[in-house]
Amino acid sequence: MPLSYYSCSNCGHWQHYFAPPPDCPVCTDTRNDLPPDGWDFRPEADVASRLQGSWRTVGRDVVAFSTSPRFGLNGTGWLLLHPEGNLAFEAAPYYTPPMLAEIRRLGGIRYLSSSHVHGYGALWQLQNEFQPDVLAIQREDLRMTKAFRVTWPFDEAMSFPTGQSLYHVGGHYEGQSVLHDPARRMLFCGDAFKIDQDEHGENLAMSTHKAFHKDIPLTPAELRRYRDVIGALDFDTVCTPFEYGPGITPAMAVAVLEDGMRGPPGVRHIPMHELRQARSPDGGNIGGQNIKRWSAA
Ligand SMILES: [Zn+2]
Ligand SMILES: [Zn+2]
């Protein structure tokens, strides 16, 4: 049988395979649940026939692409517009022809990246369709990228000509990385944080985990690494692959991490009103301190 694309209906992970694949590397991993009734791999045409695409501008020239009804982990694809080349970070579960036409109308994609495998969605489609100059993934997660081709594996950090930088934070996934856009003051944090929101998208609480489904906490060293990288960045908005979180500052993010570093390991969903009172230990603004910079790898 010829190679074609199959998506795991439990998590949405795409594989390029010559038959329905034997299993899904995302679902068999500790950080995900197995499908309760066995594997169900859908060929591309089947996924295409089920999903409707939509997009919305969330402000600051950022467009969020998503599909419905829910499919797999059901992530969002973020498109950051720039006159010298758009950057796409994370991807929707699938891109319907109108979604692809909209991206084309907005100028296509020059730079493509994702935090870790739970954000990949149909990244392969964006690469096939728009042939970006760069597809950047941290080297520790290369093993998860078989459905597309990484052109720029990186170590600790890399920067795009359009001003955004990727920083390796590990933790949740070995190669997990965050994308920081200093001009927009936005942090695309992958699954370093989970933001609980109500049905109107209001932020209710924030947490951090090694594994979300099983509530496995991170270790103190993993939390420290998150804090050292994320606490040195300046932002007022945090986007996960699943949530758009305006109003989240570095001090609030650091407060979640430091809560995890105190006492026995545990996962706590800290209410936003507690986090809004968060201050750095010296009472100053954590986000403004000594930003450690790496050069492009
Ligand atoms: Zn899966
Ligand atoms: Zn994840």
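In the nomenclature of an unreviewed UniProt entry, the protein chain is known as MBL fold metallo-hydrolase of Rhizosaccharibacter radicis.

Notes on the pairing of strand β12 (residues 165-168)
Neither face of β12 is exposed, since Ser165 and Tyr167 on one face and Leu166 and His168 on the opposite face are all buried. Summarising the sheet, strand β11 (residues 157-159) and β12 pair through 3 bridges and their orientation is antiparallel. Bridge pairing in β12 places alanine 157 opposite tyrosine 167. Following β11, the chain reverses through 5 residues before pairing antiparallel with β12; glycine 163 in that reversal takes a positive phi of roughly 105 degrees. Pairing analysis gives 4 bridges linking β12 to strand β13 (residues 177-181), with the strands arranged antiparallel. Residue pairing across strands places leucine 166 opposite leucine 179, the latter belonging to β13.

Notes on the nonpolar core
The biggest cluster of nonpolar side chains holds 41 residues, and the ones touching the most others in it are Leu79, Tyr95, Ile103, Ile109, Leu126 and Phe148. For this core, the elements supplying multiple residues, two or more each, are β1 (4-8), β5 (62-68), α2 (97-105), α3 (123-130) and β9 (134-138). Broken down by element, the residue count for this core peaks at 4 residues, all from α3. Sequence-distant contacts of tyrosine 95, that is, excluding residues within four places in its chain, are made with Phe65, Gly77, Glu90, Leu100, Ile103, Ala122, Gln125 and Leu126. With 28 residues, the next largest nonpolar core counts Val169, Ile230, Phe235 and Ile270 among its residues.

Considering the sheet that holds strand β2 (residues 14-17)
The sheet built from 3 strands is open, its strands ordered β2-β1-β3 with antiparallel pairing. One side of each edge strand has no neighbouring strand; the edge strands of this open sheet are β2 and β3 (41-43). Each neighbouring strand pair of the sheet contributes to a mean axis angle of 35 degrees, computed without reference to strand direction. Examined bridge by bridge, β1 and β2 share 4 bridges and lie antiparallel to one another. The partner of serine 4 across the bridge, within β2, is tyrosine 17.

Thoughts on the environment of valine 47
Turning to its location among the elements, valine 47 is positioned in helix α1 (residues 44-50). The spatial distance from the C-alpha of valine 47 to the C-alpha of serine 9 is 8.9 Å, given a sequence separation of 38 residues. Leaving out residues up to four positions away in the same chain, valine 47 has contacts with Ser7, Trp14, Arg42, Phe71 and Tyr94.

A short note on the sheet that holds strand β6 (residues 77-80)
One open sheet accounts for 7 strands, arranged β4-β5-β6-β7-β8-β9-β10; its pairing is mixed. Both outer strands of the open sheet, β4 (52-59) and β10 (152-154), are each paired with one neighbouring strand and no more. Taking the axes of each pair of neighbouring strands and ignoring which way they run, one obtains an average angle of 20 degrees across the sheet. Strand direction decides the pairing type here: strand β7 (residues 87-89) and strand β8 (residues 111-113), joined by 3 bridges, are parallel.

Some points on the coordination of the zinc ion (ligand 2)
Of the protein atoms, only His116 (NE2), His118 (ND1), His172 (NE2) and Asp191 (OD) coordinate the zinc ion (ligand 2), at distances of 1.9 to 2.1 Å. One can describe the site at the zinc ion (ligand 2) as tetrahedral: its 4 donor atoms subtend angles covering 98 to 122 degrees at the metal. Sequence spacing among the residues donating to the zinc ion (ligand 2) works out to H-x1-H-x53-H-x18-D. Of this pair, histidine 118 sits in the loop between β8 and α3 while histidine 172 sits in the loop between β12 and β13; the two residues are 54 residues apart in sequence, bridging distant segments of the chain. The two residues histidine 118 and histidine 172 agree in class, both being buried.

Each value, and the rule that gives it
- Residues numbered from 1 in each chain as written.
- Chains lettered and ligands numbered in written order.
- Predicted model: local features only at pLDDT ≥ 70, side-chain atom pairs only at ≥ 80, totals over all residues.
- Heavy atoms only, no water.
- Buried < 20%, exposed > 50% of the residue type's maximum accessible area, 1.4 Å probe, protein only.
- Helix = DSSP H or I, 4+ residues; strand = E, 2+ residues; numbered from the N terminus.
- Pairing = 2+ DSSP bridges.
- Core = buried A, V, L, I, M, F, W, Y, C linked by side-chain atoms within 4.5 Å.
- Contact = heavy atoms within 4.5 Å.
- Axes fitted to C-alpha atoms, helices over the stretch in contact; angles between N-to-C directions.
- Donors = N, O, S within 2.8 Å, 3.2 Å for Na, K, Ca; no water.
- Tetrahedral: all angles 85-135°; square planar, octahedral: opposite > 155°, others 65-115°.

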